[in-house]
Amino acid sequence: MLVPKVDTTRWEQMLDIFRNMLQHRRAHPTTKSEELYFELLLRYYGAPLSGATGGKPVIAHCLLIPTEVFVAMDVIPLHMEGAAQAVLPSLKNYEESFSAAKSLGFAPELCSAHRSQIALFSQGWWPPVDAVVWSHQICDGSIKTGELYHRMYNIPGFYLDRPFTRTEKEVKYYAEELEELVHFLEKIAGRSLDKARFQEVMELSRRTVELHRQIYELRKIIPTPMANRRSSQLQNIQWLFIGTQEALTYHELVLQEMQELVAQKRGFATQENFRILSLFPPPSHDLKLLDWMERDHGAMLVADPYCSHWGDFEWDSAQPFLTLSRKGFASPMSRSMHGPADEGMVPDIIQDAIEFKAQGAIYWAHIGCRTSCAMIRTVKDALREKVGIPTLVLDMDILDPSFVTDAQLKEKLEGFFEMLTGSN
């Protein structure tokens, strides 16, 4: 099956919404980092449109493909999960999108992050691309989604294989896979990798990761100096821009804003009542829920190990592919989800619950994610037995608001906050 003619009308509507949001931020300033965030989204999603590419190839790719290789090769990346989570919440065309996916045989029980991608490219709703790169890291669905895109558009594709276990043998294997990815991109772009540029990109990446570590460390301070939604924004910027000056500048700005609050002995919220451990991503269609928690209840998401807890690894400027491989195994989402939960995710959760002085945990149980939901009982028991804090398992869908309403989520959260108040 080949897709119909590409029609970027919806994509351009999304960009218009981002422009309006940026204008609103400028007219009603909150933080400089919030304004920069929407500037970067406009820049990123505007780049793949015809007439804006400057003749550079556009490469679609799935979650956790290292952006550094695209930046170094000077091609235009298009993050597939990121695009889906930008288009649908902006246009709110959920029913239209999921109906399109359903008409192709994709059931509602499948992950909405993948069903939404399938809707976008099967209907020709996003910009044309020259190639697609996919992998299996964390999301099993990424394998099929990337392959489907590759076949539907009849474009070159590359499958990036990454082992599930981390030994020196596996790290070297993944480094070789990354080199093969660069060879693939060289054929698409018609030019060789600029090794000096690659070194520059890796240095920008190194500095950005270090800033992210500092930001996470600063969130331990009571009251926490970071907004609830900022972690989701940081994750998104890393997805889209890691290895660029833009990512570095954004992280520097977020850290500076937090340091200023710390110097003033202030938290981001007017009053911090609850310190909450956030497990797995909250619903991307309802980030205003996080603002409500912060504003109306003083409930602050002080730690999110799935998105922010980096592992240790060595940067070696003389071996960029090996370094990029090590980074892949140590990155928050990847390291915690490969291997037994008791060796990856659970130790991180316990450590962060203690060090960030969490009073309770929210487990964002995305109904379409069999990987994360499989750990609910293990994580909940570990937090109760080893840290002595309760966990609210909040059934939701990361991108489909029809599964549970905002009012229902708020009702469950209010009950949890009441319980935490009674136990203190």
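It should be noted that the structure appears before, not after, this text.
It should be emphasised that the depicted structure is a prediction, and the values quoted were computed from it without experimental measurement.

Rules of the game
Residues numbered from 1 in each chain as written. Predicted model: local features only at pLDDT ≥ 70, side-chain atom pairs only at ≥ 80, totals over all residues. Heavy atoms only, no water. Helix = DSSP H or I, 4+ residues; strand = E, 2+ residues; numbered from the N terminus. Rg over C-alpha atoms; globule rule 2.2 N^0.38 Å. Buried < 20%, exposed > 50% of the residue type's maximum accessible area, 1.4 Å probe, protein only. Areas by Shrake-Rupley, 256 points an atom, 1.4 Å probe, with all protein chains shown as cover. Lys, Arg positive; Asp, Glu negative; His and termini not counted. Charge placed at Lys NZ, Arg CZ, Asp CG, Glu CD. Pairing = 2+ DSSP bridges. Axes fitted to C-alpha atoms, helices over the stretch in contact; angles between N-to-C directions. Contact = heavy atoms within 4.5 Å. Core = buried A, V, L, I, M, F, W, Y, C linked by side-chain atoms within 4.5 Å. Right-handed = clockwise from strand over helix to strand, strands pointing away. Parallel < 35°, antiparallel > 145°, perpendicular 65-115°, else oblique. Left-handed = near helix turned anticlockwise from the far one by under 90°.

Caption draft 1: Broad picture of the overall build of the protein. In terms of helices and strands, the protein carries 19 helices and 8 strands. For 424 residues, the compact-globule estimate of 2.2 N^0.38 gives 22 Å, and the protein sits close to it at 21 Å. Overall, the protein is about 65 × 50 × 45 Å in size when its C-alpha atoms are taken along their principal axes. Sorting the 424 residues of the protein into buried and exposed places 59% on the buried side. Accessible surface computed for the protein: about 17700 Å², of which carbon and sulfur atoms make up 51%. Taken together, the 44 basic and 55 acidic charged side chains of the protein have centroids lying 1 Å from each other.

Caption draft 2: Spotlight on the sheet that holds strand E4 (residues 157–160). With parallel pairing, the 4 strands of this open sheet are ordered in space as E2-E1-E3-E4. Only two strands of the sheet have a single neighbouring strand rather than two, namely strand E2 (76–79) and E4. Across the sheet, the mean angle separating the axes of adjacent strands is 20 degrees when strand polarity is ignored.

Caption draft 3: How the structure looks around unusual backbone geometry. Residue proline 223 follows isoleucine 222 across a cis peptide bond; omega there is -5 degrees. One non-glycine residue, lysine 265, lies in positive phi territory at about 60 degrees. Locating lysine 265 in the fold gives a position in the loop between helix H11 (245–263) and strand E5 (274–279). Notably, lysine 357 is not glycine yet its phi reads approximately 55 degrees, a positive angle. Of note, lysine 357 is situated in the loop between helix H16 (345–355) and strand E7 (360–366).

Caption draft 4: Region of interest: the environment of isoleucine 222. Relative to the helices and strands, isoleucine 222 resides in the loop between helix H9 (195–218) and helix H10 (230–241). Among the residues examined, isoleucine 222 registers a relative accessible area of 51% and is labelled exposed. Residues isoleucine 222 and tryptophan 364 lie 142 residues apart in sequence; the distance between their C-alpha atoms is 24 Å. Those residues in contact with isoleucine 222 that sit more than four places away from it in its chain are Glu272, Arg275 and Lys357.

Caption draft 5: Seen up close, the nonpolar core. Among the nonpolar cores identified, the biggest contains 122 residues, and Trp11, Tyr45, Trp126 and Leu383 are the most heavily contacted of them. The leading source of residues in this core is helix H8 (residues 168–189), at 9 residues. With sequence-adjacent residues up to four places away left out, leucine 383 is seen in contact with Leu277, Leu279, Ile349, Ile350, Ala353, Ala361, Gly388, Ile389 and Thr391. Formed by 19 residues, the second largest nonpolar core is a distinct cluster that contains Leu392, Leu394, Leu409 and Leu420.

Caption draft 6: Highlighting the pairing of strand E1 (residues 58–61). A two-sided burial pattern is seen for E1, the buried positions comprising Val58 and Ala60 on one face and Ile59 and His61 on the other. With 4 bridges connecting them, E1 and E2 associate as parallel partners. Within the sheet, the bridge partner assigned to isoleucine 59 lies in E2 and is proline 77. Taken together, E1, helix H3 (residues 67–73) and E2 constitute a β-α-β crossover, and its handedness is right-handed. Note that E1 and strand E3 (residues 131–135) share 3 bridges and pair parallel. Residue pairing across strands places isoleucine 59 opposite alanine 131, the latter belonging to E3.

Caption draft 7: Representation of the packing of helix H2 (residues 32–46) against H11 in the model. Packing of H2 against H11 brings their axes to within 9 Å, and their N-to-C directions diverge by 165 degrees. The angle between H2 and H11 falls in the class roughly antiparallel. As H2 runs across H11, the sense of the crossing is left-handed. Here H2 contributes Lys32, Ser33, Leu36, Tyr37, Leu40 and Arg43 to the contact with H11, which in turn contributes Glu246, Thr249, Tyr250, Leu253, Val254 and Glu257.

Caption draft 8: Structural detail: the side chain of histidine 212. Counting through the fold element by element, histidine 212 comes out in helix H9. Leaving out residues up to four positions away in the same chain, histidine 212 has contacts with Leu234, Gln238, His251, Cys307, Ser308 and Trp310.

Caption draft 9: Spotlight on the sheet that holds E5. Pairing is parallel across the open sheet formed by 4 strands, whose spatial order is E6-E5-E7-E8. The outermost strands of the open sheet, each flanked by one partner alone, are strand E6 (299–303) and strand E8 (391–396). Along the sheet, successive strands turn relative to each other by an average axial angle of 35 degrees, direction set aside. Note: E5 against E6, 4 bridges, orientation parallel. By the bridge assignment, phenylalanine 274 is partnered in E6 with alanine 299. Helix H19 (residues 406–423) contacts E5, E6, E7 and E8 of the sheet and is inclined by roughly 180 degrees relative to E8.

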